Amino acid sequence: MTDWAIIGIFVILAFSAIAAGRDFLMPVTMALLLFFVFTPLRRFARRRGIADVVTAAFVTSGILILVAVVAYTASGPINRAAENIPTITTQLEQKFQRVQASLRDFQQAAQKIDAAQEVEGDEAGSTTIKVEQDEQSTFEAVVKLTPQLMGQVLFTMVLMFFMISSGDLLYLKIVQSFDTMRDKRAAYLALREIEDSLGSYFGAITVINACLGMAIGLSMWAWGMPGALLFGLGAFLLNFIPYLGAIAGVAISSVVALVVLPGLFWPAMVALTYLGLTSLEGQLITPYFVSRRLQMNAVVVFLAVALWAWLWSVIGMVIAVPVLVVLSVLTEHVPGWEKFGNFLAGEDPPRLEDQDEEEARDIVQAGAPAEDRGAAGAATAQLIGHDKGNGDDDRP
């Protein structure tokens with residue numbers, strides 16, 4: 001009972017520390033995930049004689065340019081939408097009033113509400129002042145958050161640059177913390193598997209989201225929606241957030257369609273189109289193209305997204321699944337984590353063998369030229385006296 005109480009206190013304090021340190025931990029976590037994703041590219045470039053620092057500069061500048069292009073592309077439609085907020089609000093009110101008038105069963109209730117609003121008409125001046133104050137406070141909040149957001153993006157990029165340019169230094173330091181040669185090799189192969197898994201996940205999801213964004217953009221254009229490019233871009237970005245991103249996209253498209261399209265039938269068709277495309281992607285396309293071993297328990301994914309959203313807001317929702325992918329890989333290599341891995345993936349993960357003594361540098365140097373984890377397993381197997389030809393064979 002005492003042990004469980006200590007564990008409970010530790011978990012509470014850990015979550016409190018993660019929430020309190022979000023401004024520092026968010027960019028560090030993003031930089032670490034991006035480091036694993038782009039390490040295969042660095043290793044590929046090194047085999048062709050390109051220095052790590054050059055690869056790091058290329059990756060960092062490429063991401064910054066991409067972010068700038070996306071921001072510039074979205075800035076125009078967003079500014080126009082912000083300028084038209086009063087008109088949009090009036091149009092929505094008029095449309096809902098027509099819908100309300102068409103519901104005869106609720107007309108009497110609507111009239112009572114209108115009468116009550118007339119009584120409160122004298123307070124309109126104070127209400128207007130309150131709205132203006134809310135708009136001003138919202139604008140001030142955005143102005144205050146923008147430098148902080150830009151600072152976090154810059155910190156993430158700089159940290160990722162140093163991590164990539166340092167080559168295998170991070171791997172070396174992690175592997176050196178283990179005692180025996182077999183443990184060092186197991187740790188190194190676990191890092192390579194995290195690298196492969198995150199690269200496979202992000203690669204597949206990015207391509208799928210890009211295709212989904214194109215499909216939604218073309219669909220919105222076909223329905224006569226304004227800003228079809230922005231809808232496609234938004235769908236691409238929102239779909240990195242499981243479940244909640246699709247819900248947000250359907251809600252946004254529905255509101256815009258209610259403003260620009262007549263009646264209720266056509267806005268409903270727009271919303272159903274968005275919902276249908278995201279459902280097709282989530283239920284058929286992604287499960288088919290994403291490796292089965294990277295697929296997670298749907299309940300666990302939803303809870304993880306909700307938890308990280310509570311801790312780190314939007315960035316937390318984006319990193320929720322990549323963090324689960326890392327944890328899933330670790331459960332296959334850390335003794336005692338098998339049940340946790342089974343809970344995440346629905347399968348019993350394999351156990352690791354006991355392992356002997358040697359140096360970490362030999363493991364990292366032998367595995368560095370390898371293109372993937374399988375080749376790394378073959379390259380390092382000879383260091384412990386047997387070559388099985390495939391890293392996966394080392395796990396019974």
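Residues numbered from 1 in each chain as written. Predicted model: local features only at pLDDT ≥ 70, side-chain atom pairs only at ≥ 80, totals over all residues. Heavy atoms only, no water.

Draft legend 1. Local environment of helix α8 (residues 181-222). Given a rise of 1.5 Å per residue, 42 residues ought to cover 62 Å, and the 61 Å separating the end C-alpha atoms of α8 matches this to within 8%. Downstream of α8 by one or two residues, G224 has phi in the positive range, about 80°. (Helix = DSSP H or I, 4+ residues; strand = E, 2+ residues; numbered from the N terminus. Expected span 1.5 Å × (residues − 1).)

Draft legend 2. A look at the packing of helix α7 (residues 169-176) against α8. Contact geometry for α7 and α8: axes closest at 8 Å, N-to-C directions at 140°. Overall, the two elements α7 and α8 adopt an arrangement that is oblique. Once α7 is placed against α8, the crossing between them reads as right-handed. Across the interface between the two elements, Y171, I174, V175 and Q176 from α7 touch K184, Y188, L191, R192 and E195 from α8. (Axes fitted to C-alpha atoms, helices over the stretch in contact; angles between N-to-C directions. Parallel < 35°, antiparallel > 145°, perpendicular 65-115°, else oblique. Left-handed = near helix turned anticlockwise from the far one by under 90°. Contact = heavy atoms within 4.5 Å.)

Draft legend 3. A look at the nonpolar core. Judged by nonpolar contacts, the single largest core of 55 residues is most densely connected at F36, M160, Y188, L198, W308 and L324. Those elements that place two or more of their residues in this core are α2 (22-47), α3 (52-83), α6 (124-165), α7, α8, α12 (298-331) and α14 (360-367). In terms of residue count, α12 provides more of this core than any other element does, 16 residues in total. Not counting residues up to four positions away in its chain, the partners in contact with M160 are A31, L34, F35, F38, V59, T60 and I63. (Core = buried A, V, L, I, M, F, W, Y, C linked by side-chain atoms within 4.5 Å. Buried < 20%, exposed > 50% of the residue type's maximum accessible area, 1.4 Å probe, protein only.)

Draft legend 4. Representation of unusual backbone geometry within the structure. With a phi angle near 65°, Y243 is a residue other than glycine that sits in the positive phi range. You can see Y243 is positioned in the loop between α9 (228-238) and α10 (244-260). What makes Y243 partly exposed here is its relative accessible area of 39%. In this structure, S313 takes a positive phi of about 60° despite not being glycine. Judged by relative accessible area, which is 34%, S313 ranks as partly exposed.

Draft legend 5. Spatial organisation of the UniProt feature "transmembrane region" (unreviewed entry) in the protein. Using the residue numbers shown here, the UniProt feature "transmembrane region" (unreviewed entry) corresponds to residues 6-38, 50-74, 149-172, 201-223, 229-248, 255-277 and 297-330. Measuring from the first to the last C-alpha atom of residues 6-38 gives 39 Å, for a span that is 97% helix and 0% strand. Taken end to end, residues 149-172 comprises 88% helix and 0% strand; its first and last C-alpha atoms sit 32 Å apart. (UniProt positions renumbered as here; feature names shortened; annotations may be inferred.)

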